[in-house]
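Now for the letters of each chain:
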Amino acid sequence: MKPTETNIRTKYARPYIPNAVFYIPFAYYYAVRLGTIPKLLSWALIYLMPTAFYSAVGYNGSWGLFAINYFLILLATFSLYEYGYIYNDTIAIRREKEPAIRLYEENFAHFARWHQWIVFVRLFISIAALGVLFMLNDSNPHVQRVFAAVAVTGLFFAIYNQWRSRTNVWFYPLLVCSRYAPFMVLYDGSWTAYILLLVSFPLLNALERFSMPKYRWPLMRSLIPEESAKTRFRVYYYALTLVLATAFLYSRNESLLLLTPIFILFLYRLCLLFWLRTHKPTNYLNG
């Protein structure tokens with residue numbers, strides 16, 4: 001499939017994408033899906049910050065070990081999750097009528113030649129990270145749950161990549177949540193922390209999926225009639241979430257400090273709403 005075809009949507013994040021990104025964890029996501037430092041910082045806010053915060057809620061031990069555990073889980077999870085993106089951008093798009101092209105011809109050629117090696121490297125990194133995690137936490141009875149959660153993440157992305165239709169949007173929430181879950185299962189966190197982690201971003205992301213330009217669903221069409229409306233919708237989402245979550249925590253007599261990530265994300269989206277009135281950042285809403 002070449003970018004000159006008339007039925008495609010080119011969504012290049014960067015003018016040049018080195019083939020090394022197929023092998024290096026986080027490099028593919030940054031170079032192909034994000035493309036800019038501001039979007040990388042945004043990813044840190046919506047993914048790293050809430051997963052670190054809410055997994056720490058259930059932790060009781062050395063914070064040095066917590067940091068190492070967090071990185072190992074991140075490495076194991078995202079190495080597989082990134083391969084899901086790679087498969088989507090190289091193979092799954094062949095079954096789409098209007099595919100989004102994110103890679104250049106030299107990238108497609110490299111993947112076709114070295115596909116098996118790329119799979120091996122990605123699996124090796126994920127398994128090695130989980131192996132080190134097990135050695136550091138061999139006395140923790142929950143460590144095997146991390147293995148299962150990471151495996152489920154890879155399985156869900158495989159299912160999603162094979163399910164190319166308008167209805168796969170209903171499976172998307174499970175896929176998004178699966179990349180957040182591995183951080184929570186190693187420790188005895190509360191169900192409140194689980195719920196707040198899911199509403200901090202996965203729920204928002206799942207709702208926005210129903211507003212994709214190709215298949216904008218009726219309900220989301222009224223809330224997000226066009227892509228640019230997502231910025232305001234996100235502010236409303238976090239404002240409403242803060243109100244409901246505050247009432248929920250108050251009813252359970254739990255600390256409002258649990259709302260810290262959601263409050264930070266609300267401030268971030270609010271500031272971004274006003275900032276975008278006078279600025280047009282590169283690659284914004286072109287994920």
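On a predicted model such as this, the values are computed, not experimentally measured, just so you know.

1. What about the overall build of the protein?
Counting its secondary structure elements, the protein contains 11 helices and two strands. Overall, the protein shows an N-to-C arrangement of helices and strands of β-α-α-α-β-α-α-α-α-α-α-α-α. The globule rule puts the C-alpha radius of gyration for 287 residues at 19 Å, and the 19 Å found for the protein is close to it. Over its C-alpha atoms, taken along the principal directions, the protein stretches across nearly 60 × 45 × 35 Å. When each of the 287 residues of the protein is scored for burial, the buried share is 49%.

2. Some remarks on the nonpolar core
Core analysis: the largest hydrophobic core is formed by 87 residues, its most contacted members being F22, Y28, L133, V146, L196, Y238 and I262. Looking at this core element by element, the count peaks at 14 residues for helix α3 (residues 63-90). Once residues within four sequence positions are removed from consideration, I262 is found in contact with Y54, L196, V199, S200, Y238, T241 and L242.

3. What about the layout of surface pockets?
Approximately 250 Å³ is the volume found for the second largest pocket. Lining the second largest pocket are 14 residues, with V199, L203, Y237, T241 and L244 positioned closest to its centre. Elements represented by at least two residues in the lining of the second largest pocket include exactly α7 (191-200), α8 (202-209) and α10 (230-251). In terms of residue count, the dominant contributor to the lining of the second largest pocket is α10 (eight residues).

4. Re α7
Of the residues making up α7, those classed as buried are T192, A193, L196, L197, V199 and S200. In this structure, the buried residues of α7 make contact with α2 (37-57), α8, α10 and α11 (260-275).

5. Comments concerning the environment of S79
As for its placement among the helices and strands, S79 is situated in helix α3. Overall, S79 belongs to the buried group, its relative accessible area being 0%. Linking S79 and A27, residues 52 residues apart in sequence, is a C-alpha distance of 9.9 Å.

Basis of the calculations
Residues numbered from 1 in each chain as written. Predicted model: local features only at pLDDT ≥ 70, side-chain atom pairs only at ≥ 80, totals over all residues. Heavy atoms only, no water. Helix = DSSP H or I, 4+ residues; strand = E, 2+ residues; numbered from the N terminus. Rg over C-alpha atoms; globule rule 2.2 N^0.38 Å. Buried < 20%, exposed > 50% of the residue type's maximum accessible area, 1.4 Å probe, protein only. Core = buried A, V, L, I, M, F, W, Y, C linked by side-chain atoms within 4.5 Å. Contact = heavy atoms within 4.5 Å. 1 Å grid on protein atoms, 1.4 Å probe; cavity = no way out; pocket = protein on both sides within 12 Å on 5 of 7 lines; lining within 4 Å. Points joined across faces, edges and corners; volume = space filled by probe spheres on them.

The values reported here are purely geometric and, on their own, carry no functional implication.
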